[in-house]
Amino acid sequence: MSENLYPDEIDPRLDNARWSDVLVQALPYFKHWVGKVVVVKYGGNAMLNEDLKKHVMEDIVLLNTIGIHVVLVHGGGPEINSMLSRIGKESLFVNGLRYTDAETMEIVQMVLTGKLNKDIVALLLQYGGKAVGLSGVDSGLLKAVKIQKDGADLGFVGEVTEVNPEIIKSLLSQNFIPVVSTVALGCDGDNIRYNINADTAAAKIAVALGAEKFVQLTNVPGVLKDVHNPKSLIQRIRINEVEQYIQDGTIAGGMIPKIECCMLARNGGVPRTHIIDGRVPHSLLIEMFSDRGIGTMIY
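Read on for a plain summary of the structure. As the structure is a prediction and not an experimental result, all values here were calculated from the model.

**A few points about the pairing of strand β7 (residues 152–163)**
Pairing analysis gives seven bridges linking strand β6 (residues 142–149) to β7, with the strands arranged antiparallel. Within β7, the residue paired with Lys143 across the bridge is Glu162. Here β6 folds back onto β7 in antiparallel fashion, the turn holding two residues, of which Asp150 has a positive phi close to 55 degrees.

Take a look at the structure:
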């Protein structure tokens, strides 16, 4: 969504014929996505770099403006690390998950629901969108139970057991953009809050909403045959091919949980799940409105 609204300000590298061709090619995609729900997991460099942050906000406002129902679910690991460091507390991780004691949980809730969530809402408003911030606690959106991983106690880290999407559906029906931070309420009714992995929460929200598309913005181009060669991108992976890619090491490390979240969403009925590079300006629009796509689709 450029501020250059007049012909003499249009990128001179594209003549009128090429501009019209781009718009014509995008038209079928506009028609397909209007009225559909798209859940976007927002994090990584796209959340830290100011220019990329601007592009993401512009993309989401544009999608919302033409009638696509976007739900933005965000993480905030680096910001939590920074706040813990400021108070002299070390960030601890167990099997890739943040160990969350009572004090850390207070920081998690403060950073995610108090600062980051409202910062994102303010940016969306700045770029002309209608946005409302939520946490998983609001209206009982996310319910969770305490989890242990490989026998390790992670403190107040939870696994989502229930999604109550009515508050999101209500906001979408009024053309708002729900912005969700992933702090959840315990299922046992004793007012315990849990820190939730944002990728997993986003996938489960997509399933609960019957979303048409689930997109994870990441710091990599997608799944690569050779991690040292960005041009080795695998654009499409069938679910029944995932296990083989894991066994041969093509899918490894931090990509495994992201792929698992795509599979969770796909097995829950979401037709299209994607891992795309949030470092590419307007990557969301490229994925939504072009036949070239971007990143890796799990289908």
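**A look at the nonpolar core**
With 43 residues, the main nonpolar core has Tyr42, Leu124 and Phe289 as its most contacted residues. For this core, the element with the most residues is helix α5 (residues 102–126), which contributes 10 residues. With residues near it in sequence (within four places) discarded, Tyr42 still touches Met47, Lys53, Val56, Met57, Leu72, Val73, His74, Gly75, Ile120 and Leu217.

**Topic: the pairing of strand β5 (residues 131–135)**
Counting buried positions along β5 gives four out of five residues, so the element sits mostly inside the fold. Note: β5 against strand β8 (residues 177–181), five bridges, orientation parallel. By the bridge assignment, Val132 is partnered in β8 with Pro178.

**A closer look at the packing of aromatic side chains**
Within the structure shown, the criterion is met by two aromatic pairs. On the numbers, 4.3 Å between centres and 20 degrees between planes, the contact of Phe30 with Phe289 is stacked. Taken as a pair, Phe30 in helix α1 (residues 16–33) and Phe289 in helix α10 (residues 283–289) lie far apart in primary sequence, 259 residues in all. Pairing Phe156 with Tyr194 gives two aromatic rings, centres 6.5 Å apart and planes at 45 degrees, and the pair type is tilted. Remark: Tyr194 occurs in strand β10 (residues 193–195) and Phe156 occurs in strand β7; sequence separation between them is 38 residues. Residue classification places Phe156 among the partly exposed positions, given a relative accessible area of 29%. Judged by relative accessible area, which is 6%, Tyr194 ranks as buried. Of note, Lys130 hangs over the ring of Phe176, and the distance from its end group to the ring centre comes to 4.4 Å. For the cation-ring pair, Arg236 lies above Tyr299, with the distance from its terminal atom to the ring centre recorded as 5.9 Å.

**A word on helix α7 (residues 198–209)**
Between the first and last C-alpha of α7 there are 16 Å, a value that for 12 residues agrees with the 16 Å anticipated at 1.5 Å per step. Inspection of α7 places Ala198, Asp199, Ala201, Ala202, Ala203, Ile205, Ala206 and Leu209 among the buried residues, and these make up the whole buried set. Of the residues that open α7, the one with a side-chain oxygen 3.1 Å from the backbone nitrogen of Asp199 is Asn197. Residue Gly210 follows α7 closely and has a positive phi angle near 65 degrees.

**Concerning the environment of Ala144**
Position of Ala144 among the secondary structure elements: in strand β6. A residue is classified by how much of its surface remains accessible, and Ala144, at 0% relative accessible area, is buried. Along the sequence, Ala144 and Asp188 sit 44 residues apart, while their C-alpha atoms lie 8.9 Å from each other. Leaving out residues up to four positions away in the same chain, Ala144 has contacts with Gly158, Glu159, Val160, Thr161, Ala184, Leu185, Gly186, Cys187, Tyr194 and Ile196.

**Describing unusual backbone geometry**
Positive phi is not limited to glycine here, since Ser139 has a value of about 55 degrees. Here Ser139 shows up in the loop between β5 and β6. A positive phi angle, near 65 degrees, is found at Asn175, a position not held by glycine. Looking at the element boundaries, Asn175 is found in the loop between α6 (166–173) and β8. The exposure class assigned to Asn175 is partly exposed, which follows from its relative accessible area of 30%.

**Concerning the pattern of salt bridges**
Taken as a whole, this structure holds 11 salt bridges when the rule is applied. Put simply, Asp101 and Lys89 hold a salt bridge, and the shortest N to O gap is 2.9 Å. Of this pair, Asp101 sits in the loop between β4 (97–98) and α5 while Lys89 sits in the loop between α4 (77–86) and β3 (93–94), and the two are 12 residues apart along the sequence. A single network of salt bridges, built from pairs that share partners, joins Lys41, Asp199 and Lys258.

**As for the sheet that holds strand β1 (residues 37–42)**
One open sheet holds the eight strands; their spatial order is β5-β8-β2-β1-β11-β13-β14-β12, and the pairing between them is mixed. With one partner strand each, in any of the chains shown, β5 and β12 (236–237) form the two edges of the open sheet. In terms of strand pairing, strand β11 (residues 213–218) meets strand β13 (residues 272–277) through six bridges, oriented parallel. Paired with Thr218 across the strands is Asp277, a residue of β13. Against the sheet, helix α3 (residues 50–65) makes contact with β1, β2 (69–74), β8 and β11, and its axis sits at roughly 150 degrees relative to β2, the strand it touches most.

Conventions used here
- Residues numbered from 1 in each chain as written.
- Predicted model: local features only at pLDDT ≥ 70, side-chain atom pairs only at ≥ 80, totals over all residues.
- Heavy atoms only, no water.
- Pairing = 2+ DSSP bridges.
- Helix = DSSP H or I, 4+ residues; strand = E, 2+ residues; numbered from the N terminus.
- Core = buried A, V, L, I, M, F, W, Y, C linked by side-chain atoms within 4.5 Å.
- Buried < 20%, exposed > 50% of the residue type's maximum accessible area, 1.4 Å probe, protein only.
- Contact = heavy atoms within 4.5 Å.
- Phe/Tyr/Trp six-rings, centres within 6.5 Å; stacked < 30°, edge-to-face > 60°.
- Lys NZ or Arg CZ within 6 Å of the ring centre and 35° of its normal.
- Expected span 1.5 Å × (residues − 1).
- Polar contact = N/O pair within 3.5 Å; in protein donor to acceptor, adjacent residues only side chain to side chain.
- Salt bridge = Lys/Arg side-chain N within 4 Å of Asp/Glu carboxyl O.
- Axes fitted to C-alpha atoms, helices over the stretch in contact; angles between N-to-C directions.

So yeah, pure geometry; function would need other evidence.
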